[in-house]
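# Coordinate analysis (summary)
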Amino acid sequence: MNPHRNILTALVLTVLLAGSALPSVAQEYKEAFNAGLEAAKDPNSFATARDKFAQAVEGAVEASDNDVAQRARYYAAQIDYKMGNTAFKAEDFESALTHYSSGAEIYPAYVKNLYGQGLALKKLGRMDEALEAWTKVTADTRDRRTALAALSAIRDHFYYQASSAVSKRAVVAADADRALTALSELTNYIETPDADYYYYTAVAHQIKGAFAESLTAADQALELHNGSRTDKAKIYFVKGEVLVALGNTDAAKTAFQNAAFGSYKPSAEHYLETL
């Protein structure tokens with residue numbers, strides 16, 4: 001028997017066998033992707049689905065199948081977001097953060113996970129990191145709804161600080177300064193202040209006795225206001241008190257007439273009766 005012929009035959013068989021194996025290997029990531037889709041139908045199988053999509057991503061990348069890789073990343077990120085929400089509702093904020101972070105890593109364009117990261121980080125007392133995450137969301141124009149939610153979360157954080165500072169019974173100038181500091185920090189994250197920003201600014205300046213500045217801020221708040229009548233009443237009430245301090249009784253009465261609504265009505269009417 002010709003030994004060279006045997007070697008050649010063996011080489012041919014090796015190549016043929018290797019070639020026949022390639023389709024099954026390439027098919028594995030697609031099977032993993034389909035298995036992920038099937039598992040994702042049942043919330044109890046989300047963890048399995050997430051693993052299958054991760055396998056599909058790895059195989060698709062090796063096969064240069066960008067379409068499957070992209071879709072698998074997207075579905076994995078969606079599952080991470082859902083599992084993060086479940087953990088968040090159960091107040092397991094560490095687990096929620098882990099899920100959100102995994103989703104943000106595998107598919108950054110799905111910014112809901114980045115928003116969720118911020119929520120979990122806030123609950124864990126890591127506020128600087130939460131603000132950083134939300135700021136990244138606001139800079140992304142692909143998901144306007146989530147970007148607005150992140151912007152609202154940023155505002156709420158600083159408005160809570162300002163409100164807490166000026167809502168004490170025995171409020172002093174130092175409290176007003178803390179509120180103004182919080183509002184100043186907010187401007188690092190937002191381009192355009194809203195009515196609430198100017199309202200708390202007006203209250204802080206009123207406490208400090210800076211009535212001209214307070215009146216200006218109250219007017220700016222009224223100009224930008226587009227919320228409830230109760231919120232508008234509180235702005236008018238502060239304006240009325242500032243006008244009283246400035247000695248402008250007629251203008252103060254007009255302000256209190258507009259403030260006579262909801263919880264501000266009794267106090268506003270009291271001013272109207274005594275001015």
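Just so it is clear, the model here is predicted, and its values are computed rather than measured. (Residues numbered from 1 in each chain as written. Predicted model: local features only at pLDDT ≥ 70, side-chain atom pairs only at ≥ 80, totals over all residues. Heavy atoms only, no water.)

### Examining unusual backbone geometry
The residue Ser64 is not glycine, and still its phi comes out positive at about 60°. Positionally, Ser64 belongs in the loop between helix H2 (46-62) and helix H3 (66-89). Classification of Ser64 by relative accessible area gives exposed; the value is 60%. (Helix = DSSP H or I, 4+ residues; strand = E, 2+ residues; numbered from the N terminus. Buried < 20%, exposed > 50% of the residue type's maximum accessible area, 1.4 Å probe, protein only.)

### Observations concerning the side chain of His205
Position of His205 relative to the elements: it lies in helix H9 (residues 195-208). Overall, the relative accessible area of 17% leaves His205 in the buried class. Beyond its immediate chain neighbours, meaning those up to four positions away, His205 contacts Leu180, Ala210, Glu213 and Ser214. (Contact = heavy atoms within 4.5 Å.)

### Section: the pattern of salt bridges
Scanning the model with the defined rule gives 13 salt bridges in all. Note that Lys41 and Glu38 form a salt bridge whose closest N and O atoms lie 3.1 Å from each other. Accessibility classification places Lys41 together with Glu38 in one group, the exposed group. We note a salt bridge from Asp67 to Arg71, for which the minimum N-O separation is 3.5 Å. With Asp67 and Arg71 both in helix H3, this residue pair falls 4 residues apart, about one helical turn. Judged by its relative accessible area of 35%, Arg71 falls in the partly exposed class. Members of the salt-bridge network, linked through shared partners, are Lys168, Asp175 and Arg178. (Salt bridge = Lys/Arg side-chain N within 4 Å of Asp/Glu carboxyl O.)

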